[in-house]
Structure formats: C-alpha cells, structure tokens
Amino acid sequence: MGLFSFIYNVIYMTVVSFLVLVVVLPYLPDQLFPDFPLNPAKYESPKSDQFFTKVKWNTLISDKAKRIGENTIIGPESMVMKGDSLFTGLADGRLVEINKNNVNQIKTLTRFHAKGSQCGDNKDNNATLCGRPLGLKFSQDGNLYFVEATKGLHVVTFEPSVKVKHVALGPDGKGPNKITGVFNDIALDPNNPDLVYVSVSTTKWSMDRIVWSLVDMNKDGLVVAVNVRTGKHHIIMDDLAFTNGMEISPNKRSLLVAEFGGRKIYKIDLADIDASIKSGKPVKNRPTLIDNLPGGPDNIRAFGNDLYISMPVVSLSSTIHDRLSTMSAIRKSLGRLTNLASRGLVQLDRLMKMAGYDKCHCTLEMARYLDTGYIIHKVMPSDAGILIIDGNTGKIRRILGSSGYPSISEALLDVSNGDLYLGSYRNAYLGKISGSDLK
C-alpha cells in the first residue's frame, strides 16, 4: 500500500466514523449524558427578510457607539440610572454603582460567590459559582430590586447603610413549591408596591450553561408574581421559550414580556394578572404587542411612550440557527458531540497533570468553553440592534442597527441629556452613544 492510499484510507475512515457518530448520537440513552439533558424541540424560526420592508436597516450603533470602562466593566447586561449613578450587575458576580461622569469610579454594593471559590474581579467568572446579578429596577420608596440568576429576588436598601436581602425564589425561597432555574428580569407593579414580577428563562439549565437552553428551545420559561412582603409567589405565565426582559407598559395597564425563543413581546393586562393570582392559575389571554421580530428580544425598557427592545443577534437573512430550527436531531447530535469533547478535554487535563504537565490550564479553559456552549457564539451573526416601538400600540418607530458592536442586551436612555448606554452580557465594556448622534 502506497503512502497516498494510506492517507486516503485514514481520511476516509475518519470522515465515515464521524458521520456515523453524528447520526447515532441523538439516539443514545440519556443515561450516558447524566449532566447534559439536551432534548431539542422543533420550532419554526420567523422569516426576518420581510421585517426590513417595514423599517430600514442601518449601522448607527457600530458607527457611533463609544466603548467606555473597557476591561473594568465586564458584561453589564442590565442597568438602571439614578442621578449621576448607573447601577449594573457584572459577569464577575458583583452588583456595582458607577459614576456616569467618571466610569473609573466603581463602587461594589455586593457580590455573590460560593465559599472557597476563586471569583476575581473583572473576569468572566462561572456564573453558578460566582453569581450574576440581573434585572435591576428602583421601587418608589428608593429601594433597588434585582434578581441574582440562581438565587432569586433580592433588594438593596441604602439607608442608614447599604444592605442586601434575599426576598424570594431560588434554593432559599419560602414555601413547598420552590422555583429554581435562571432568573432573568423583573418588573414592578405600578398599583401594588408589594408585587414584583420575575421572569424565569429556564427551569432546566443553569446560568453558566444557559446557551444550551437556546439550542433546546423547550418551553420551560415562566413569569412569576412575587409578594415581597410575604415572600409568596404565583406562576402567572408558563410554556414560554426562554422568557427574557419585562417592563410595565407606558399607560400602566399591561405587563410586557419578551419571549426570546418566540421572537415576540406579550402584552398581558394587569387585571388578568390579578385574576390569575386570585385563582392560582396562569393567565389564559396572552395577546402580543409585536411578533416576528428579526432577533430574539432581550431586555425591554420604556422611556416615555417608547419601548426600547434590545436584540443581541439580528438575522438580516436566514442563518444556520434558523435553518436548524426544525432539525432537532442534528442540534442534539452537535450538542452531545460538544459535550463529549468537553469531557475528553477534562480527562486529558488529568493525564497531563499526572505526567507533570500542569503549568497550562488551556485544556480546562477549552473544556469550559465547550461545556457552557459559548462556542456557539462563534457561529452566530455579529449583527445586533435596538428596535424602538410605541410601548402601548406596538407601532414601529425606528431601529438602531449594528454590524460590528455585538450582543446588545439592554438600552438605557439618559433622559437628562439623551445619551444612550448599551449593556451586554458578553462585552467587556459599556457602550455609549451621544444624544446628538441619535437625532
């Protein structure tokens, strides 16, 4: 056998073996993947091409946005402003207060981490171990409510000193029917100061592996109403594909709920929610404010009558993610293949340490990269955007597009001067667009 024939046979057998593995993987017993419960559902991804007949795409964000606090403000996903202070949760597990006039002045209000864990500042830490504060809103009495992605609803009081208290939900929640999962955002009821609404993106996956929930597209998302005085909670919406941002409509009559997987915003009447809480059953009437969005909606925030909808990924045309929406077996196969590769790298790292090659932690870093699913970000479109609509009617006003500033998860308008701040769960900086550039 010549060298050419040998190389050909090796390549041929490798390709055939890989294809057989891809075909077989989805049908292997779940017991072989005990900590990886991926079971993708089939769904139809909305066609985004027609959306841009309603509004013209542009690149205003990538053209005009400035990066501030680079490498010191890591993953500022959810934000709220009060006076000259901007409050946000970071990917290193801290809840911080930032001086908007000098972003180098950062005050840590609290941090979440397990005892003995190595959770450093200004790092994209393991969210399950080190925490991930999200969904910040100020109440009428000046307290700051937020959710920690794993531990549930919390409140910060500032007088006479800064104190952080767990309110409800999560592993430490009250009552027999505890709700665990990934807590994402909150909205404060305008009529009842004791009532806070909490979105639960998934009850199946943990925060550090939340990307797999988007591959799964199982409808295990919830919206929960929490009485902050008693700690009791009620499920008011279920059967949601990755529940995300929430806001009260400008006219104070509805709860707006972003469903990332469904690419829509629900508009739930507050009177129906009140009836749901009294009956103990989820709301049946679920009208939409807007649907068939060109990307999954993340956080939504109201300023005046306008609703700013952040979309971390915008599909200007059909993407690989869209094409795989109905191919659940292929998504399961690729997910399991990634999981096997991660497990293999962990074993390789152990062998390297036994052999004395323990100076490089690159194998464990790559294993974490695969296990968390973050590698999927590499095949996602780099386009992102902020859609601005009428918060009461859903009428489209304009879109702020980006083809180089990725993963926009929140838009925060400084009503004092018109400046727009851009949050992101991935970027290691805060974005800012001058109000004059938005006119």
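Small disclaimer: the values here were computed from a predicted structure and weren't measured.

**Considering the packing of aromatic side chains**
Consideration 1: Scanning all chains against the criterion turns up eleven aromatic pairs.
Consideration 2: A ring pair is formed by F36 and W212, whose centres lie 5.1 Å apart and whose planes are at 85°; its orientation type is edge-to-face. Of the two residues, F36 is situated in the loop between α1 (3–24) and α2 (60–64) and W212 in helix α4 (residues 211–216); the sequence distance between them amounts to 176 residues. Each member of the pair, F36 together with W212, is buried.
Consideration 3: Taken together, the aromatic side chains of F36, W205 and W212 make up a single cluster linked through ring pairs.

**Comments concerning the sheet that holds strand β24 (residues 430–433)**
Strand pairs in the sheet, formed through backbone hydrogen bonds, run parallel or antiparallel to each other.
Consideration 1: If you walk across this open sheet you meet the four strands as β1-β24-β23-β22, and the pairing is antiparallel. Each end of this open sheet is capped by a strand with a single partner; those strands are β1 (66–68) and β22 (410–413). Sheet twist, expressed as the average angle between the axes of neighbouring strands with direction ignored, equals 30°.
Consideration 2: Across three bridges, the pairing between strand β23 (residues 420–423) and β24 is antiparallel. Bridge pairing in β24 links Y421 to K432.

**Quick notes on the pattern of salt bridges**
Consideration 1: Inspection of the entire model under this criterion finds 17 salt bridges.
Consideration 2: A salt bridge links R94 to D121, with the nearest nitrogen and oxygen atoms 3.7 Å apart. Taken together, the residues span a long stretch of sequence, with R94 in strand β4 (residues 94–99) and D121 in the loop between β5 (102–111) and α3 (127–130) at a distance of 27 residues.
Consideration 3: The partner of E410 in a salt bridge is R301, with the nearest N and O atoms 3.3 Å apart. Here the residue E410 occupies a position in strand β22, and R301 occupies one in strand β18 (residues 300–303), the gap between them amounting to 109 residues. The residues E410 and R301 share a single accessibility class, namely buried.

**A closer look at the confidence of the model for the chain**
Consideration 1: Here the chain averages 89 in pLDDT, while 93% of its residues score no lower than 70.
Consideration 2: The secondary-structure element of the chain with the lowest mean pLDDT is α1, recorded at 68, while strand β15 (residues 254–259) shows the highest, at 98.

**Re a nonpolar patch on the surface**
Consideration 1: On the surface, a nonpolar cluster with roughly 240 Å² of combined accessible area is contributed by V20, V23 and V24.
Consideration 2: Topologically, V23 is positioned in helix α1.

**Some remarks on the nonpolar core**
One recurring pattern in soluble globular proteins: nonpolar side chains tend to sit buried together.
Consideration 1: Ranked by size, the top nonpolar core spans 30 residues in total, and within it I61, I386 and L420 carry the most contacts.
Consideration 2: Contact partners of I61, with chain neighbours within four places excluded, come to G385, I386, L400, G401, S402, Y405, I408, L422 and I433.
Consideration 3: Ranked by size, the runner-up nonpolar core spans 25 residues in total, among them V182, I186, V198 and V226.

**Here's the deal with the environment of K42**
Consideration 1: Position of K42 relative to the elements: it lies in the loop between α1 and α2.
Consideration 2: We classify K42 as exposed; its relative accessible area is 64%.
Consideration 3: For the pair K42 and G170, spaced 128 residues apart in the sequence, the C-alpha separation amounts to 29 Å.
Consideration 4: Apart from residues lying up to four places away in sequence, K42 is in contact with S325, T326 and S328.

**Here's the deal with the sheet that holds β5**
Consideration 1: Taking strand neighbours across the sheet as the criterion, the four strands line up as β2-β3-β4-β5 in an open arrangement whose pairing is antiparallel. The open sheet has two edge strands, β2 (79–82) and β5, and neither has a second partner. Put simply, the sheet's adjacent strands are angled 25° from each other on average, direction ignored.
Consideration 2: Across five bridges, the pairing between strand β3 (residues 85–89) and β4 is antiparallel. Bridging across to β4, S85 finds its partner in N99.

**Thoughts on the pairing of strand β12 (residues 221–227)**
Consideration 1: Among the seven residues of β12, seven are classified as buried, and the element is accordingly described as predominantly covered.
Consideration 2: As defined by bridge partners, strand β11 (residues 195–202) adjoins β12 across six bridges and the pair is classed as antiparallel. Within the sheet, the bridge partner assigned to L195 lies in β12 and is N227.
Consideration 3: Where β12 lies against strand β13 (residues 233–240), five bridges are found, and the strand directions are antiparallel. Residue pairing across strands places V224 opposite I235, the latter belonging to β13.
Consideration 4: Between the antiparallel neighbours β12 and β13 lie five residues, among them G231 with a positive phi of about 85°.

Basis of the calculations
- Residues numbered from 1 in each chain as written.
- Predicted model: local features only at pLDDT ≥ 70, side-chain atom pairs only at ≥ 80, totals over all residues.
- Heavy atoms only, no water.
- Phe/Tyr/Trp six-rings, centres within 6.5 Å; stacked < 30°, edge-to-face > 60°.
- Helix = DSSP H or I, 4+ residues; strand = E, 2+ residues; numbered from the N terminus.
- Buried < 20%, exposed > 50% of the residue type's maximum accessible area, 1.4 Å probe, protein only.
- Pairing = 2+ DSSP bridges.
- Axes fitted to C-alpha atoms, helices over the stretch in contact; angles between N-to-C directions.
- Salt bridge = Lys/Arg side-chain N within 4 Å of Asp/Glu carboxyl O.
- pLDDT = per-residue confidence, 0-100.
- Patch = residues over 30% accessible without salt bridge, like charges linked within 9 Å, V, L, I, M, F, W, Y side chains within 5 Å.
- Areas by Shrake-Rupley, 256 points an atom, 1.4 Å probe, with all protein chains shown as cover.
- Core = buried A, V, L, I, M, F, W, Y, C linked by side-chain atoms within 4.5 Å.
- Contact = heavy atoms within 4.5 Å.

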